[in-house]
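Report on the structure
Here is how the chains run, residue by residue.
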Amino acid sequence: MKKFLLGFLGGLVALLTPCVFPMIPVTVSIFLKQKEGEGLNPLTKALIYCGTITLVLTAAAVMALSLFVWLSINWI
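Not measured: the values here are computed from a predicted model.

1. Quick word on the packing of aromatic side chains
For the coordinates displayed, the defined rule picks out one aromatic pair. Considering the side-chain rings of F4 and F8, the 6.4 Å spacing of their centres and the 20° angle between planes classify their relative orientation as stacked. With F4 and F8 both in helix 1 (residues 2-14), this residue pair falls four residues apart, about one helical turn.

Here's what the structure looks like:
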């Protein structure tokens, strides 16, 4: 649980970096300016957006780590 909290706090600190912080209002405004009649509501779209980012980055990290493990145990 301690590692999870440290990771969560690290993520919150990462939100304050100069390249990420300005993108928060831009991203929020994209979801809120969409018309309600265009399918899903903005909260659902935002959750799908965040979930997709999480899944893609997790898959990329798992594949990269698998590659590094393979490289570390093979003669190449």
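This is not the end of the story, as more comes after the structure.
2. Topic: the confidence of the model for the protein chain
Mean pLDDT over the protein chain works out to 86, with 93% of the residues at or above the 70 mark. Across the protein chain, element-level confidence peaks in helix 3 (residues 42-73) with a mean pLDDT of 91 and bottoms out in helix 2 (residues 23-32) with 81.

3. Here's the deal with helix 3
The end-to-end C-alpha distance of helix 3 is 47 Å, a good match for the 46 Å that 32 residues give at a rise of 1.5 Å each. When we look at burial in helix 3, the residues that qualify are P42, K45 and A46. The inward-facing, buried residues of helix 3 abut helix 2.

Criteria and thresholds
Residues numbered from 1 in each chain as written. Predicted model: local features only at pLDDT ≥ 70, side-chain atom pairs only at ≥ 80, totals over all residues. Heavy atoms only, no water. Phe/Tyr/Trp six-rings, centres within 6.5 Å; stacked < 30°, edge-to-face > 60°. Helix = DSSP H or I, 4+ residues; strand = E, 2+ residues; numbered from the N terminus. pLDDT = per-residue confidence, 0-100. Expected span 1.5 Å × (residues − 1). Buried < 20%, exposed > 50% of the residue type's maximum accessible area, 1.4 Å probe, protein only. Contact = heavy atoms within 4.5 Å.

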